[in-house]
Amino acid sequence: TDEKILKCPEISASSGKSKAGRAVVFALAYSISKTAAAVFLTLSVASILVGVCVKAIALKWKPELQAKYSFKTLLYARTQQNFSGKLPARPFTPNCVNSQKDSLWGAIYNVKPIAVSEKITQPLIELKKILATCVPDMPSNALTLVEEQGSYLHYKGVVTGKPSESEFDIDVFYNKNKKQFDIRSASRSGFVDSETLDFKEPGSNKKRVEAIRQEWMKRAIEVEGTTVQEKAQRRTQAAHQGAVRSQAETGLRMLFSEDESQA
């Protein structure tokens with residue numbers, strides 16, 4: 001076959017042209033890709049430098065921007081969907097409880113919403129008072145209100161009593177129609193929030209939610225007791241006012257009867 005190609009000049013010429021054409025195409029493609037890579041690398045480096053310069057200028061101008069727009073802050077920021085009532089999704093790991101969705105790890109990682117009595121007229125204000133004073137495993141000043149939008153509260157907590165500092169989030173949405181708090185507590189790190197992996201004991205997040213529930217129930221009883229006392233006081237005042245009014249009417253009738261007898 002090679003002898004036939006050599007003996008046929010037309011085939012030999014066309015074969016050489018096709019090889020040369022492929023070589024030109026490959027060389028052109030390599031040159032374009034090399035140029036594109038160089039341009040991309042240059043633009044990437046330039047954008048990084050511009051970003052660093054802009055950040056340095058911005059932080060020097062307004063240092064508070066660091067806390068407001070840091071990557072960590074934006075990573076855990078809540079969205080309009082959350083503000084409308086949907087709590088953030090639970091992670092796959094068993095270090096979260098969410099009253100809106102049951103856990104794949106069993107009932108030990110499930111929590112129920114917190115019921116709100118109709119007698120409590122400002123439930124969010126009352127709940128913020130509780131969260132400012134009652135969160136287990138941590139001092140009261142370690143819980144920070146990060147976001148508040150309408151009926152939605154987002155807190156960040158820091159636990160310092162362990163070998164290493166750990167952070168968690170508490171999300172609460174007040175459902176006015178159902179008269180309840182939907183609540184979520186989730187650790188930001190780690191796989192599990194308990195000391196064992198047998199999934200028979202509740203972790204720190206469930207304990208945290210149940211502690212908040214207990215304090216809320218105590219507050220509800222106090223409010224209801226105050227309401228009962230106020231009603232009793234109003235009844236007593238009404239009875240006293242009624243007695244005073246009756247005595248006044250009796251005195252007026254006696255006075256009118258004396259005047260008529262003298263006339």
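None of these values were measured; they are calculated from a predicted model.

Calculation criteria
Residues numbered from 1 in each chain as written. Predicted model: local features only at pLDDT ≥ 70, side-chain atom pairs only at ≥ 80, totals over all residues. Heavy atoms only, no water. pLDDT = per-residue confidence, 0-100. Helix = DSSP H or I, 4+ residues; strand = E, 2+ residues; numbered from the N terminus. Contact = heavy atoms within 4.5 Å. Core = buried A, V, L, I, M, F, W, Y, C linked by side-chain atoms within 4.5 Å. Buried < 20%, exposed > 50% of the residue type's maximum accessible area, 1.4 Å probe, protein only. Phe/Tyr/Trp six-rings, centres within 6.5 Å; stacked < 30°, edge-to-face > 60°. Lys NZ or Arg CZ within 6 Å of the ring centre and 35° of its normal. Polar contact = N/O pair within 3.5 Å; in protein donor to acceptor, adjacent residues only side chain to side chain. Pairing = 2+ DSSP bridges.

Novice: Help me out: how do you make sense of the confidence of the model for the protein chain in this one?
Specialist: A low pLDDT means the predicted coordinates there should not be read in detail. For the protein chain, per-residue confidence averages 76 on the pLDDT scale, and residues scoring 70 or more make up 62% of the total. Taking the mean pLDDT of every element in the protein chain, the minimum, 44, falls on helix α1 (residues 2-7) and the maximum, 94, on strand β2 (residues 114-115). Confidence drops under a pLDDT of 50 for residues 1-7, and excluding neighbours within four residues, the segment shows 2 contacts in the predicted structure.

Novice: Looking at this model, I keep getting lost on the nonpolar core. Mind explaining?
Specialist: Proteins that are soluble and globular tend to have nonpolar side chains buried together. Judged by nonpolar contacts, the single largest core of 26 residues is most densely connected at Leu127, Ile170, Val172, Phe181, Ile212 and Trp216. Among the elements of the structure, α6 (123-131), β4 (152-159), β5 (166-175), β6 (180-187) and α7 (204-262) are those that each provide at least two residues to this core. When residues of this core are assigned to their parent elements, the largest contribution, 5 residues, is made by α7. If near-sequence neighbours (up to four positions away) are discounted, Val172 is found in contact with Leu127, Ser151, Tyr152, Leu153, Phe181, Asp182 and Ile183.

Novice: Hey, could you run me through the packing of aromatic side chains in this one?
Specialist: For any pair of aromatic rings, geometry is given as the distance between the ring centres together with the angle between the planes. Using the criterion set out here, one finds 5 aromatic pairs in the structure. Note on Phe181 and Trp216: the rings are 5.1 Å apart at their centroids and 85° apart in plane angle, and the pair reads as edge-to-face. Pair noted here: Phe181 is in strand β6 and Trp216 is in helix α7, with a separation of 35 residues, a long-range link. Like Trp216, Phe181 is buried. Aromatic ring contacts, followed pair by pair, group Phe92, Trp105 and Phe191 into a single cluster. Over the ring of Phe168 we find Arg208; its NZ or CZ atom is 3.5 Å from the centre of that ring.

Novice: Before we go on, may I ask you to explain unusual backbone geometry in this structure?
Specialist: The phi torsion of most residues other than glycine is negative, and most of the peptide bonds are trans. Located in the positive-phi region is Lys179, a residue other than glycine, with phi close to 55°. Along the chain, Lys179 turns up in the loop between β5 and β6.

Novice: What is the right way to read the environment of Ile114 from this model?
Specialist: With respect to the helices, strands and loops of the structure, Ile114 is situated in strand β2. The sequence separation of Ile114 and Ile183 amounts to 69 residues, and the corresponding C-alpha distance is 7.7 Å. Setting aside residues up to four positions removed in sequence, Ile114 forms contacts with Lys179, Gln180, Phe181, Ile183, Ile212, Arg213 and Trp216.

Novice: I would appreciate a short explanation of the side chain of Asn110 in the present structure.
Specialist: Mapped onto the elements, Asn110 comes out in the loop between β1 (96-98) and β2. A relative accessible area of 18% means that Asn110 is categorised as buried. Of the polar contacts made by the side chain of Asn110, one reaches the backbone nitrogen of Ser103; its length is 2.7 Å. Non-local contacts of Asn110, meaning those with residues more than four positions away in its chain, are made with Asp102, Ser103 and Lys206.

Novice: Where do I start with the pairing of β4 in this structure?
Specialist: Each regular strand shows side chains that alternate between the opposite faces of the sheet. Burial analysis of β4 places 7 of its 8 residues in the buried class, the great majority of the element. In terms of strand pairing, strand β3 (residues 143-149) meets β4 through 6 bridges, oriented antiparallel. Residue pairing in the sheet places Leu145 in a bridge with Tyr155 of β4. The hairpin formed by β3 and β4 contains 2 residues between the paired strands, and Gly150 there has a positive phi angle of roughly 60°. Sheet analysis places β4 next to β5, joined by 8 bridges and oriented antiparallel.

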